[in-house]
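Overview (structure and organization)
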Amino acid sequence: MLICSKCDTRYQADQPRWRCDCGSYLHLSGTGMFAKADLHTRPQTLWRYFESLGISNRDNIVSLGEGCTPLLEDEIYNQPVLFKMDQLCPTGSFKDRGTTVMVSKLKEWGVRHVVEDSSGNAGASVSAYTSRAKIQADIYIPGYTSGGKATQIALYGGNLVKVPGTREDTARAVLEAAESSFYASHNWSPYFVAGLKTVAYEVAEQLDWRSPDWIVLPVGGGSLFIGVYLGWRELVEAGYVEKMPRLVAVQADNCDPIYQAWKQGLDTVPEISKREGAAEGIAISQPVKDKDILQAIRDSDGIACTVTDEEIWETLRLLARRGVYVEPTSAATSAAIKQLSADGIISPQDRVVVQLTGMGLKATDKIVEHFGN
Ligand SMILES: *Cc1c(COP(=O)(O)O)cnc(C)c1O
Ligand SMILES: [Zn+2]
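Residues numbered from 1 in each chain as written. Chains lettered and ligands numbered in written order. Predicted model: local features only at pLDDT ≥ 70, side-chain atom pairs only at ≥ 80, totals over all residues. Heavy atoms only, no water.

Our next topic: the overall build of the protein chain. For the protein chain, the helix and strand inventory stands at 11 helices and 13 strands. Computed over its C-alpha atoms, the radius of gyration of the protein chain comes to 19 Å, within 12% of the 21 Å expected for a compact globule of 373 residues. Each principal axis of the C-alpha atoms in the protein chain carries an extent, and together these give about 50 × 50 × 40 Å. Here the protein chain holds 373 residues, and the buried ones make up 57% of them. (Helix = DSSP H or I, 4+ residues; strand = E, 2+ residues; numbered from the N terminus. Rg over C-alpha atoms; globule rule 2.2 N^0.38 Å. Buried < 20%, exposed > 50% of the residue type's maximum accessible area, 1.4 Å probe, protein only.)

This is how it looks when you write it as structure tokens:
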């Protein structure tokens, strides 16, 4: 069942639909819960949690073997951490978790043509999975998108549409195109969010069903943050784990609407002015699901914080020295550890999971520009 986040209208999930008739985004409800006892016979992909993902028929699964990424014991800024290594997903970012479920649902619905907009990683992911499912996709990207990311999208087979102007201009252009196609959006789709619940399931399984104290996540559109929150909430409700971990929402200080809203105690994001920076993957000034993100922070007794570009670059270098190569956006969560531990919010006794999201090779142009070669 798909339920409107605003007016509560309910829709059967057997017809293609990406938003409510009132214009608001939808929640997916009434999915089942996987059984722990079944897991030992299941494949090492996120489809091991099939019952929780909202797909009716296994024949519709469109997969590249995503999920089941390592949980690496490490240390950053003298704080022991567990890195969830989602930069190792098939197209180089965690977006594949959401995309595999969203595109499987598109196949189940018989959708033949979609549009999507992206600053890079979601575009690559949707292009890869739609090609595999033989669904046509027009991928709208801002004109400034780096050459490497644009080429990856095009090579998978998606039809690139470059939009001049800002990321927000691209979002407006695709909304117009969505009038005559289906909007397969990582920022709108409730199935995309369902796929991201698997980050929580995996971490729980990898920790032998013990909850971490803290989970540190980047927030752009918030699908990852909301997905991880919902996943842990389901685990708690099923009695599979004891407690809800506290969630940290990390943004870059040059685009920090969620941090501003959290600090001011608001339910929705205020208008902010945004500057371009290192963390392009989380530079979203008006996240569609702002209410859900802020509620997830509150419900988990979490916090929001920001990092500077300087801290991001410094942390990217430190991670690389430990053999972990991520793109700048993905270094933001590790960068936040410095402040969180200096402020005494997290301590060395805490079990802290730090989410990594995108492979360093994704952003070669930008990294070369910063460090030289
Ligand atoms: C998309 C993306 C994010 C932000 O994820 P949201 O679900 O939009 O909050 C963070 N890091 C990377 C590398 C991304 O591609
Ligand atoms: Zn509605």
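Moving on, we get to the site of ligand 1. Lys95, Asn121, Gly220, Gly222 and Thr357 are the nearest of the 16 residues found near ligand 1. In the environment of ligand 1, an oxygen atom lies 3.1 Å from a nitrogen or oxygen atom belonging to the backbone of serine 223. Here a nitrogen atom of ligand 1 and a side-chain polar atom of threonine 357 are 2.9 Å apart. When ligand 1 sits alone it has 380 Å² of accessible area, and the protein chains cover 97% of it. When atom positions are compared with the pocket grids, ligand 1 is found to occupy the largest cavity. (Near = heavy atom within 4 Å. Polar contact = N/O pair within 3.5 Å; in protein donor to acceptor, adjacent residues only side chain to side chain. Areas by Shrake-Rupley, 256 points an atom, 1.4 Å probe, with all protein chains shown as cover. 1 Å grid on protein atoms, 1.4 Å probe; cavity = no way out; pocket = protein on both sides within 12 Å on 5 of 7 lines; lining within 4 Å. Sits in = over half its atoms within 2 Å of the grid points.)

What follows covers the packing of helix 5 (residues 190-206) against helix 6 (residues 223-237). Contact geometry for helix 5 and helix 6: axes closest at 7 Å, N-to-C directions at 55°. If you check the angle between helix 5 and helix 6, you find them oblique. Along this stretch, helix 5 crosses helix 6, giving a crossing that reads as right-handed. Only Ser223, Leu224, Ile226, Gly227, Val228, Leu230, Gly231, Trp232, Glu234 and Leu235 of helix 6 make contact with helix 5, whose side of the interface consists of Phe192, Val193, Leu196, Lys197, Val199, Ala200, Tyr201, Val203 and Ala204. Here the residues of the contact of helix 5 with helix 6 are counted per class, giving 14 nonpolar, three polar and two charged. (Axes fitted to C-alpha atoms, helices over the stretch in contact; angles between N-to-C directions. Parallel < 35°, antiparallel > 145°, perpendicular 65-115°, else oblique. Left-handed = near helix turned anticlockwise from the far one by under 90°. Contact = heavy atoms within 4.5 Å. Nonpolar A, V, L, I, M, F, W, Y, C, P; charged D, E, K, R; others polar.)

Moving on: the pattern of salt bridges. One pass over the full model with this rule turns up 22 salt bridges. The partner of glutamate 51 in a salt bridge is arginine 42, with the nearest N and O atoms 2.8 Å apart. Judged by relative accessible area, arginine 42 falls into the buried class, the value being 15%. If you follow the salt bridges from partner to partner, you end up with Asp38, Arg42, Glu51 and Arg58 in one network. (Salt bridge = Lys/Arg side-chain N within 4 Å of Asp/Glu carboxyl O.)

A few words on the coordination of the zinc ion (ligand 2). Taken together, Cys4 (SG), Cys7 (SG), Cys20 (SG) and Cys22 (SG) make up the protein donors of the zinc ion (ligand 2), found 2.3 Å from the metal. Between the four donor atoms coordinating the zinc ion (ligand 2), the angles at the centre fall across 106 to 119°, so the site counts as tetrahedral. Assessed through its relative accessible area of 3%, cysteine 20 is described here as buried. (Donors = N, O, S within 2.8 Å, 3.2 Å for Na, K, Ca; no water. Tetrahedral: all angles 85-135°; square planar, octahedral: opposite > 155°, others 65-115°.)

Leave glycine aside and you will find that most residues have negative phi; peptide bonds, for their part, are mostly trans. In this structure, aspartate 8 is a non-glycine residue whose phi angle is positive, near 75°. In this structure, lysine 134 is a non-glycine residue whose phi angle is positive, near 60°. If you trace the backbone, lysine 134 turns up in the loop between helix 2 (121-132) and strand 7 (136-142).

For the rest of this paragraph, the subject is the packing of aromatic side chains. The description of an aromatic ring pair rests on the distance of the ring centres and on the angle between the ring planes. As enumerated under the stated definition, the model contains 12 aromatic pairs in all. For the pair phenylalanine 34 and tyrosine 201, a centre-to-centre distance of 4.9 Å together with 65° between the ring planes defines the contact as edge-to-face. One end of the pair, phenylalanine 34, is in the loop between strand 3 (26-28) and strand 4 (71-76); the other, tyrosine 201, is in helix 5, and 167 residues separate them in sequence. Each member of the pair, phenylalanine 34 together with tyrosine 201, is buried. Ring pairs connect the aromatic residues Phe34, Tyr49, Tyr201, Trp209 and Tyr240, which therefore count as one cluster. The ring of tyrosine 11 is capped by arginine 17, whose NZ or CZ atom sits 3.7 Å from the centre of that ring. Across the ring face of phenylalanine 50, the terminal group of arginine 58 is positioned such that the distance to the ring centre comes to 4.2 Å. (Phe/Tyr/Trp six-rings, centres within 6.5 Å; stacked < 30°, edge-to-face > 60°. Lys NZ or Arg CZ within 6 Å of the ring centre and 35° of its normal.)

Quick look at empty space enclosed by the protein now. According to the stated counting rule, one finds three cavities of 30 Å³ or more in the structure shown. In this model, the largest cavity occupies a volume close to 380 Å³. Taken together, 32 residues line the largest cavity, and the ones lying closest to its centre are Lys95, Gly220, Gly221, Gly281 and Ile282. Residues belonging to the lining of the largest cavity are distributed by class as follows: 10 nonpolar, 15 polar and seven charged. The residues that make up the lining of the largest cavity include at least three from each of domain 1 (71-93 + 191-371) and domain 2 (95-185). In this structure, the second largest cavity encloses a volume near 60 Å³. Lining the second largest cavity are 13 residues, with Met102, Trp109, Phe182, Ser189 and Tyr191 positioned closest to its centre. Those elements that provide at least two residues to the lining of the second largest cavity are helix 1 (95-109), strand 9 (182-183) and helix 5. With four residues, the top contributor of residues to the lining of the second largest cavity is helix 1. Here the lining of the second largest cavity is built from residues that sort into nine nonpolar, two polar and two charged. (Points joined across faces, edges and corners; volume = space filled by probe spheres on them. Domains from an automatic or database assignment.)

A few words now on the domain arrangement of the protein chain. The domains assigned to the protein chain are domain 1 (71-93 + 191-371) and domain 2 (95-185). A separation of 23 Å is found between the C-alpha centroids of domain 1 and domain 2. Between domain 1 and domain 2, the contact holds 21 residues from the first and 23 residues from the second. Carbon and sulfur atoms supply 48% of the area buried between domain 1 and domain 2, which totals about 1900 Å² over both sides. Three residues stand out in domain 1 for area buried against domain 2, namely Thr91, Tyr191 and Phe192, and they jointly supply 36% of the buried area on that side. Taken together, domain 1 and domain 2 are joined by five salt bridges. Measuring nitrogen to oxygen at the nearest pair gives 2.7 Å for the salt bridge that ties arginine 97 to aspartate 86. For the interface between domain 1 and domain 2, the tally reads 14 residue pairs in polar contact (both at pLDDT 80 or more). (Buried area = accessible area lost by both parts, 1.4 Å probe.)

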